[in-house]
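Read off the chains here:
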Amino acid sequence: MKKESKGAVAAVKAFFSAIGVFFSGFGTAVAKGDIFVKLTLLWWGAGYVRRKQYVKAVIMTIVEAAVILFTIMFASEYVPKFGTLGTVRAEKVLNPVTMKSEFNDYDHSFKILLFSLFSFVVWFAAIIIWMKNMMSVYKLQQMEENGEHINTFKEDARMFVGEKFHITLLTLPVIGIIIFTVIPILLLVFVAFTNYDQQHTPPTELFTWVGFSNFITLFGGGGLTATFGYSFVRVLGWTLVWSFFATLTTYIGGILLSILLNSKKTRAPKFWRLLFVVTIAVPQFVSLLLVRNFFSDGGIVNTICEHIHLTGFLQDIGLVSTNYIPFLSAPGWAHVMIILINIWIGVPYQMLVATGVPMNIPEDQLESAKMDGAKPFQIFVKITMPYMLFITGPALVTDFVKNINNFNIIPSYTGCLHNY
């Protein structure tokens, strides 16, 4: 943990150091650049024209013109309304020319928010390009003063299919991530600070900024008895508990099962592995519906528990107040059973994920531990588990996030949503 924390601190320091170097380089270019470098602040291609980099000058001029046109023809329609998210509601008015009822020129709050965020991202990228362009033309000035060779456009183009080919490959994916991942995430974050709900749904209605009032209500600021806030806290708490135990139990169970199947003492390991794989092949919702019938109030499990007098014993100690065990209907019982059923469903999958990892543990390391007197449990704790965590750590984080969103097991097993 100490190494990880030191690594995180070092990464943060490196990040801020890189930002400082970037701004420092831009400031140096502005302060020490010649008249053409300074002119590049207004005309992005000026510095390249002075150094006879005409193709780059044209490209940067086109980029600058595109940003200006984007600002005038697109961003100017939405960004000025960002502060209010619109003030004109959609209404039908009579058009005196056509004598028909038509919608007025109304504001669409969601479009204003989305396209304003998109404009902000474009402007941010344009500022970075502008600053980087200033540093590039200043570097050309320095190369000219030092008598160094200045690459032609063809030489630079060859670099982007050679030693800088990684930049060429990553350009489109990065743009795609920004458009389809970063902007939607920012949009959802900003929506959380508005009163967007069923009563304020565009285009018929407008929504506006409400600051932190949603979060105050959500976490009980208006009194813990507030229905929505109280429910959210309970659901959030159970979701985190469910995600933790669902991930931990299946992960440890899958590792133990994979170690057992890889053991030389296990007979017919391929046969047992095949049985567990078959359980994965069966659709999950089919298995859950079948288990739901088993554990229903009048199911086979309750019938067996009644015949062996387990139900009566639980009634005597106060755990059950009905003549059956409420595996599905009582929140406490349902919570425990959902985690247990998830173990049955998730362990075979984790076994497949982890089955090849124990085979790659160096045999000499295991033999050395045995010769030093280490017991099987000590070998598992000191050698096997650290190696497994190192290899499957990213998958463990992914499983935890997946279990936070793993909603289908709840209604499929219980037949209702209130236990979630």
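Scroll up to find the structure this text is about.
Now for a look at the structure at hand. (Residues numbered from 1 in each chain as written. Predicted model: local features only at pLDDT ≥ 70, side-chain atom pairs only at ≥ 80, totals over all residues. Heavy atoms only, no water.)

With respect to the packing of aromatic side chains
Argument step 1. Within this structure, the stated rule accounts for 25 aromatic pairs.
Argument step 2. An angle of 70° between the planes, with centres 6.5 Å apart, marks the rings of Phe 110 and Phe 207 as edge-to-face. Taken as a pair, Phe 110 in helix α5 (residues 109-145) and Phe 207 in the loop between α7 (165-191) and α8 (213-218) lie far apart in primary sequence, 97 residues in all.
Argument step 3. Here the aromatic rings of Trp 238 and Trp 242 are separated by 6.4 Å at their centres, their planes lie at 40°, and the arrangement is tilted. Of this pair, Trp 238 and Trp 242 both sit in helix α9 (residues 227-262), four residues apart, roughly one helical turn. Exposure class is identical for Trp 238 and Trp 242. Each is buried.
Argument step 4. Through successive ring pairs, a cluster of aromatic residues spans Phe 70, Phe 74, Tyr 78, Phe 115 and Phe 118. (Phe/Tyr/Trp six-rings, centres within 6.5 Å; stacked < 30°, edge-to-face > 60°. Helix = DSSP H or I, 4+ residues; strand = E, 2+ residues; numbered from the N terminus. Buried < 20%, exposed > 50% of the residue type's maximum accessible area, 1.4 Å probe, protein only.)

Remarks on the nonpolar core
Argument step 1. If you look at the biggest cluster of nonpolar residues, it comprises 19 residues, and the most contacted ones within it are Trp 242, Phe 295, Ile 325, Phe 327, Ile 341 and Ile 409.
Argument step 2. Those elements giving two or more residues to this core turn out to be α9, α11 (284-294), α12 (300-307), α14 (331-354) and α17 (409-414).
Argument step 3. Here this core takes five residues from α14, the largest share from any one element.
Argument step 4. Counting 17 residues, the second-largest nonpolar core is a separate cluster that includes Val 37, Met 131, Met 135 and Val 137. (Core = buried A, V, L, I, M, F, W, Y, C linked by side-chain atoms within 4.5 Å.)

Considerations on the packing of α11 against α14
Argument step 1. The geometry of α11 relative to α14 is characterised by a closest axis approach of 12 Å and an angle of 145° between their N-to-C directions. Handedness of the crossing formed by α11 with α14: right-handed. In this structure, α11 uses Gln 284, Ser 287, Leu 288 and Val 291 to contact α14, whose residues at the interface are Ile 341, Trp 344 and Ile 345.
Argument step 2. For the contact of α11 with α14, a count of residues per class yields five nonpolar, two polar and no charged. (Axes fitted to C-alpha atoms, helices over the stretch in contact; angles between N-to-C directions. Left-handed = near helix turned anticlockwise from the far one by under 90°. Contact = heavy atoms within 4.5 Å. Nonpolar A, V, L, I, M, F, W, Y, C, P; charged D, E, K, R; others polar.)

The analysis is restricted to geometry; functional conclusions fall outside its scope.
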